[in-house]
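# Architecture and fold: a report
Chain by chain, the residues run as shown.
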Amino acid sequence: MKKFWWLMMVGTLFYGSVLPLVQATEVFEADSTVSTYLIDEVTTSDSAVDLESETTESSVLIDSSIELPEISGSEDFLETQSITSLAEEVPFVSYRTHIQDFGWQDEVRNGETSGSVGMAKRLEAIEINLGDVPVAGGISYQVHVQNYGWMNNVTDGKSAGTIGESKRLEAIKVNLTGEMAAQYDVYYHVHAQNFGWLDWAKNGEPAGTAGYGYRLEAIEVVLVTKGSSAPGATSRSFINYPTLSYQTHVQNIGWQNYVSAGAVSGTTGEGKRLEAIRIHLVDPTFVGSISYRTHVQDYGWQAWKQDNTISGTQGEAKRLEAIQISLTGETADYFDIYYRVHAQNFGWLDWAKNGESAGTEGLGYRLEAIQIKLIKKGEAAPGPTAMPFVKLGGIATKLISAKQMSATNVQLKTQLSYGTFVNGARVAAPINKISAYMQSTISGHQINLSVSATTDPLVFNLNFNEKNLNPTETYKLVTTVAGTASQLWTVGVNQNTLLGKLSTKSNYVYYSRDQTPVTQLTLKHLLQTALEPVGNTLYVWGGGWNESDTGSGIEAVTMGVSPQWKSFFNQYGSTYDYSKTLYQIHNGLDCSGYIGWTIYNSVNTSNYKDGYVLLADGMATNFASRGWGTYKNKTQITQYKPGDILSSAGHVYMVLGVASDNSLVIVHSSPNGVQINGTPTPSGNTNSVAAILAKKYMSTYYPTWYSKFPNVKVRYSYLTDFNQMTWDVSGTSLLNDPEGISKKSAEQVLAILFQ
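Residues numbered from 1 in each chain as written. Predicted model: local features only at pLDDT ≥ 70, side-chain atom pairs only at ≥ 80, totals over all residues. Heavy atoms only, no water.

Attention now goes to the nonpolar core. Grouped together as the largest cluster of nonpolar side chains are 86 residues, with contacts concentrated most on Leu-412, Phe-623 and Ile-676. With 7 residues, helix H9 (residues 591-603) is the single largest residue contributor to this core. Non-local contacts of Leu-412, meaning those with residues more than four positions away in its chain, are made with Leu-399, Ser-401, Ala-402, Leu-449, Phe-460, Asn-461, Leu-462, Phe-464, Leu-477, Leu-488 and Leu-502. (Core = buried A, V, L, I, M, F, W, Y, C linked by side-chain atoms within 4.5 Å. Buried < 20%, exposed > 50% of the residue type's maximum accessible area, 1.4 Å probe, protein only. Helix = DSSP H or I, 4+ residues; strand = E, 2+ residues; numbered from the N terminus. Contact = heavy atoms within 4.5 Å.)

Read across the open sheet, the 6 strands follow the order S45-S50-S46-S47-S48-S49; overall the sheet is antiparallel. The open sheet terminates on both sides in strands that have one partner only, identified here as strand S45 (629-632) and strand S49 (673-678). Each strand of the sheet is rotated relative to its neighbour by a mean of 25 degrees, with strand direction disregarded. Pairing of strand S47 (residues 651-658) with strand S48 (residues 664-670) involves 4 bridges; the strand directions are antiparallel. Bridge pairing links Gly-657 to Val-665 in S48. Against the sheet, H9 engages strand S46 (645-648), S47, S48, S49 and strand S50 (723-727), with an angle of about 55 degrees to S47. In this fold helix H11 (residues 689-701) packs onto S48 and S49, with an angle of close to 135 degrees to the strand it touches most, S49. (Pairing = 2+ DSSP bridges. Axes fitted to C-alpha atoms, helices over the stretch in contact; angles between N-to-C directions.)

Turning next to the pattern of salt bridges. Counted under the stated rule, the structure contains 13 salt bridges. Arg-215 is paired through a salt bridge with Glu-217; the nearest N and O atoms lie 2.7 Å apart. Of the residues examined, Arg-215 reaches a relative accessible area of 17% and is grouped as buried. A residue is classified by how much of its surface remains accessible, and Glu-217, at 5% relative accessible area, is buried. For Lys-376, the salt bridge goes to Glu-379, with nearest N and O atoms at 3.3 Å. (Salt bridge = Lys/Arg side-chain N within 4 Å of Asp/Glu carboxyl O.)

The next subject is the packing of aromatic side chains. A full pass over the atoms with the stated rule returns 30 aromatic pairs. An angle of 70 degrees between the planes, with centres 5.0 Å apart, marks the rings of Tyr-653 and Phe-722 as edge-to-face. Separated by 69 residues along the polypeptide, Tyr-653 in strand S47 and Phe-722 in the loop between helix H12 (703-708) and S50 bring together distant segments of the chain. Exposure remark for Phe-722: the relative accessible area of 6% places this residue in the buried category. (Phe/Tyr/Trp six-rings, centres within 6.5 Å; stacked < 30°, edge-to-face > 60°.)

Our next topic: the environment of Gly-211. Structurally, Gly-211 is set in the loop between strand S16 (207-210) and strand S17 (216-225). For the pair Gly-211 and Glu-170, spaced 41 residues apart in sequence, the C-alpha to C-alpha distance is 9.3 Å.

What follows covers the pairing of strand S38 (residues 446-453). By the bridge criterion, 4 bridges tie strand S37 (residues 434-440) to S38 in an arrangement that is antiparallel. Counterpart to Ala-436 in the pairing with S38 is Leu-449. Where S37 hands over to S38, the hairpin turn is made up of 5 residues, of which Gly-444 adopts a positive phi near 85 degrees. Count of turn residues in the S38/strand S39 (residues 459-465) antiparallel hairpin: 5 residues.

Scored by pLDDT, the protein comes out at a mean of 86, with 86% of its residues at no less than 70. Considering only residues more than four positions removed or in separate chains, one finds that residues 1-87, a stretch of pLDDT under 50, has 81 contacts. (pLDDT = per-residue confidence, 0-100.)

Look at helix H7 (residues 523-531) against helix H13 (residues 746-753): their axes get within 11 Å of each other, and the N-to-C directions meet at 75 degrees. In this view, H7 runs roughly perpendicular relative to H13, as classed from their interaxial angle. Here Lys-524, Leu-527, Gln-528 and Leu-531 of H7 come into contact with H13, specifically with Val-749, Ile-752 and Leu-753. For the contact of H7 with H13, the residue count by class is 5 nonpolar, 1 polar and 1 charged. (Parallel < 35°, antiparallel > 145°, perpendicular 65-115°, else oblique. Nonpolar A, V, L, I, M, F, W, Y, C, P; charged D, E, K, R; others polar.)

The subject of this paragraph is the pairing of strand S44 (residues 508-513). Here S44 shows a clear split, with Val-509, Tyr-511 and Arg-513 buried on one side and none of Tyr-508, Tyr-510 and Ser-512 buried on the other. The pairing of strand S40 (residues 474-481) with S44 spans 3 bridges and is classified as antiparallel. Within the sheet, the bridge partner assigned to Lys-476 lies in S44 and is Tyr-510. Here strand S43 (residues 500-505) pairs with S44 via 6 bridges, running antiparallel. The residue bridging Gly-500 from the neighbouring strand is Arg-513, located in S44. The hairpin formed by S43 and S44 contains 2 residues between the paired strands, and Ser-506 there has a positive phi angle of roughly 55 degrees.

So, about the packing of H7 against H9. Two elements in contact, H7 and H9, have axes separated by 9 Å at closest approach and are oriented at 130 degrees. Regarding the angle of H7 to H9, the classification is oblique. The interaxial crossing formed by H7 with H9 has right-handed handedness. Contact residues: His-525, Leu-526, Thr-529 and Ala-530 in H7; Tyr-594, Trp-597, Thr-598, Ile-599, Asn-601 and Ser-602 in H9. Broken down by class, the residue content of the contact of H7 with H9 amounts to 5 nonpolar, 5 polar and no charged. (Left-handed = near helix turned anticlockwise from the far one by under 90°.)

This part is about the side chain of His-249. Note that His-249 resides in strand S19 (residues 243-250). Not counting residues up to four positions away in its chain, the partners in contact with His-249 are Gly-254, Trp-255, Arg-273, Leu-274, Glu-275, Ala-276 and Gln-314.

Moving on: H13. Among all positions in H13, only Ala-746, Val-749, Leu-750, Ile-752 and Leu-753 are buried. The buried residues of H13 occupy an angular sector of 160 degrees when projected down its axis, which confines them to one face. Contacts from the buried residues of H13 go to H7, S47, S48 and H11. (Arc of directions from axis to C-beta.)

You can see Gly-266 is positioned in strand S22 (residues 265-266). For the pair Gly-266 and Gln-251, spaced 15 residues apart in the sequence, the C-alpha separation amounts to 9.3 Å.

This is how it looks when you write it as structure tokens:
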């Protein structure tokens, strides 16, 4: 007996008050006796035992301070029961997960976290195993994988899920097998996207989510003795997507079958009214319900109904006209309810949500069909949401934008309609119900506006010609919809047009003509304006552009020649080199800056309106697109006219006239600056009549310039490499030509301009 107690004392010291279960089962016999010889072997097997050895997980804790009881009877016998209680083996569960971007993690055990939290990384695969199993049995598990659903069960450390496919785990089931299932329970819970840690599932129950497309991000697994308490709450371990179903009562048909998930209930194209509706929400996870009410013919809005109760009427032949649907409780915290209706004369309206009205009110129109969808909170709507509800109201005559379409034609894009949506938009009005006019606030002079439709049924174009309105007068813009007149309004407009300005006062739109006489917009006036910078303005790269190099600079939208240009010209002699003054934009003009300045100064009498400076190669096409004239590609040109705009990649110039030998007298800004030059003849003669005329007029009228820069000839490419815009001078567009300039020779034009 003394040997046994000595053995127990050594065991206690050796294992730090822990006696290994496996050794206990090996030392003691199963026949309730213990061999003294075996005890002697144990006590003498290792006389150099480290008394500070660490414990293992498969150990039973023994308090070394406890006094062991006296054992009666022979020293060579012990009761089996007392020793067996020390020898029970405790199993453990180990597991590891494969994580997005990280791969396989290290193995963890017994409730430790595998995966990641707060990193938005999906679990892609998992392996689970048991250790120190005291009885027959193992562990099996099954995962729900993105796009694949529930995959086959795997067991005992095998991989479940996918690797290299970037597919998320969404749920998992874990089971024990064999005698292990009879003696233990396995508990597990998961960290799911947007939900965090869910409650604990056990013994094959699903853990995770279904129907959301949410990833699992982490997992914890524990074993407990059969029937022991769970590690934590167990009420919400798996979250199903709620099931929404609905049915409608249709004219001449009655109740249709239930549909769900946004399917159509009702009819389209048959002209049949909805008369009643029932909506049912099954939500096993969240506490909440669904409420709805309908707007019924002759009755108006009915009381709210819940959870599959009938809203509407039966047997009264009354149409539903609108509906509102909302969620309550926790369901409303996690989901939005979207719905749209097919309404008489409108078809499918846009989607409403969370109690908004869908349908019509005050128009007497029936609902014919409905779709309802449950969407995760905050996710995008199933479609457009601008127009879910139409309610009869006043007319709307709102300006959206204004655009100079051509020469003097201005287009106003407007919303002209009647009836209001709940969000302030409008119901489309037939074009035959719309008219518009401009009326002077001074004389009462009235001009009708043309009305044209657009691809948007709510938006129309109103056009007017600025030349038809009296100079110096202010006009209000008025539209009528279905016989009711309303002055055009907007939240604000401040836009220059060619001959005047659109502006807003108290949210109403007015048009004010400036004092530019229509007769001043002549071809002669254009050419005279083009001569103003000649002989006093040097070529500066970027001159006429703004600092950001995106369009007209301040000088190009200012009337007259800048004094800075003349001052800068006076600083330089014949050795002026434009490459050394790049982007000194306020000191002169480049080619496109010059043409843009000329156009602005020809058609305006005041500063700071919209400018005309743009890339040289686009000027001919741009001006033609405004309705100012006719565009021709360089390969199609057969003749030239005074005022022609010729543009190419890198340069643009204006024609002053065509000489008797068909050479061109031109004006442009080209190194060294704004000057009159002459082209060769079409046959290539550089001593052309145009060159002679250019020399005559530059030396006579601009002697200071000519003394510095006497060259007046340009290359033959001016006749071959430029596209053309020829002005329309009929008077119906921007320019008139009362002097007949367009029909005169260069010699005659120059004589008129310099008389």
